[in-house]
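Structural overview for review
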Amino acid sequence: MKKGLIFDMDGTLWDSSENVAASWTEVVRKTEYKLPDITKEDVMGVMGLTMDKIADKLFGTLSKKERMELLDKCCENENKYLLKHGGVLYPDLEKTFIRLKEKYHLYIVSNCQTGYIETFLEHYGFGKYFDDIECYGNNLKSKGDNIALIVKRNKLDKAWYIGDIQGDYDATMQAGIDFIHAAYGFGKIKQSVPKLAKFSELPELIEALK
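All of the points below concern the structure found in this document. (Residues numbered from 1 in each chain as written. Predicted model: local features only at pLDDT ≥ 70, side-chain atom pairs only at ≥ 80, totals over all residues. Heavy atoms only, no water.)

**Some details on helix α5 (residues 93–101)**
- Of the positions making up α5, those classed as buried are L93, T96, F97 and L100. Angular distribution of buried residues about the axis of α5 spans 105 degrees; they occupy a single face of the element.
- Against the buried residues of α5 lie β1 (3–7), β3 (88–89), β4 (105–110), α6 (116–124) and α10 (202–209). (Buried < 20%, exposed > 50% of the residue type's maximum accessible area, 1.4 Å probe, protein only. Helix = DSSP H or I, 4+ residues; strand = E, 2+ residues; numbered from the N terminus. Arc of directions from axis to C-beta. Contact = heavy atoms within 4.5 Å.)

This is how it looks when you write it as C-alpha cells:
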C-alpha cells in the first residue's frame, strides 16, 4: 500500500510572512500608485488564499489588470528574495522529514505562485525528501483539486493532508482524504480533527491513526 503525506506550506512547514512582506514592499515602493508598505500582518491575513484573491484584498484600489500585474511583480521578487533569505522554519522540520521518509511518500500542495515551493526546497536543500509538488500558480486549480491531482498522479492508496487553516480542511474534504491540523500554525479548525501541537509529533500521530 502506497501512503502519502501532503503538506501545506505557510503555517505548516514555515512562516515566510516577514520576508514576503519585505520583498513585496520593495516592489510597491517603486510603483506610481502610492500604496502603503506591505506588513507581515498583511501577508498573514491573506496566506492560504489564491493569488487572484490576494491581489483583490491587498491592491483592491487598483484596476483588475493593474493589481494582477503588480502581484506578478511582487511574486517574482518574492521568489528571488526567499531564495536568498529563506523564512522561519518550524522546529525539527528536517529531522521529522527524515523520519517520515522511511515509511511515507512526501508531497507539497499550496495555493502559491509558481516557483514558491521550488524556492523553499532549493534554499534549504529539502528537494530530496519530496516526490511531487503542485500549486495554484501552475494550473489555476483550487487546493482541493490539486490535492486530488497529487493523489491520482502518484497512485496513492492512502493519504493525509497536513494544513493549518479552515480552508485547508475544506480542500482536503473536497479531495476525499484525511486531514491533520497543524495547530501551531495560523488558524483554527471548526471540526474535531487530529492535531499537532508541534511538527515533530507527526510520525507518532500518523502511527496512532493507522
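Anyway, onward from the coordinates.
**Topic: the pattern of salt bridges**
- Under the criterion given, the structure shown has 13 salt bridges.
- For D8, the salt bridge is made with K143, and the minimal N-O distance between the two is 3.1 Å. Taken together, the residues D8 in the loop between β1 and β2 (14–15) and K143 in helix α8 (residues 143–153) connect sequence positions 135 residues apart.
- Owing to a relative accessible area of 4%, D8 belongs among the buried residues under this scheme.
- A salt bridge links D37 to R29, with the nearest nitrogen and oxygen atoms 2.6 Å apart.
- Relative accessible area serves as the criterion here: at 61%, R29 is assigned to the exposed category.
- Each member of the salt-bridge network shares a partner with another, and the members are D8, K143 and D168. (Salt bridge = Lys/Arg side-chain N within 4 Å of Asp/Glu carboxyl O.)

**Quick notes on the packing of helix α4 (residues 64–85) against α6**
- The geometry of α4 relative to α6 is characterised by a closest axis approach of 8 Å and an angle of 15 degrees between their N-to-C directions. If you check the angle between α4 and α6, you find them roughly parallel. Between α4 and α6 lies a crossing whose hand is right-handed. On α6, the residues that touch E78, N79, L82, L83, K84 and H85 of α4 are Y116, T119, E122 and H123.
- The class makeup of the residues in the contact of α4 with α6 is three nonpolar, four polar and three charged. (Axes fitted to C-alpha atoms, helices over the stretch in contact; angles between N-to-C directions. Parallel < 35°, antiparallel > 145°, perpendicular 65-115°, else oblique. Left-handed = near helix turned anticlockwise from the far one by under 90°. Nonpolar A, V, L, I, M, F, W, Y, C, P; charged D, E, K, R; others polar.)

**Side note on the nonpolar core**
- If you look at the biggest cluster of nonpolar residues, it comprises 54 residues, and the most contacted ones within it are L5, F7, W24, F59, I108 and L202.
- Dropping the residues within four chain positions of it, L5 is found in contact with L100, Y104, H105, L106, Y107, W160, I162, L202 and I206.
- Y107, I150, L156 and V193 belong to the second-largest nonpolar core, a separate cluster that totals 16 residues. (Core = buried A, V, L, I, M, F, W, Y, C linked by side-chain atoms within 4.5 Å.)

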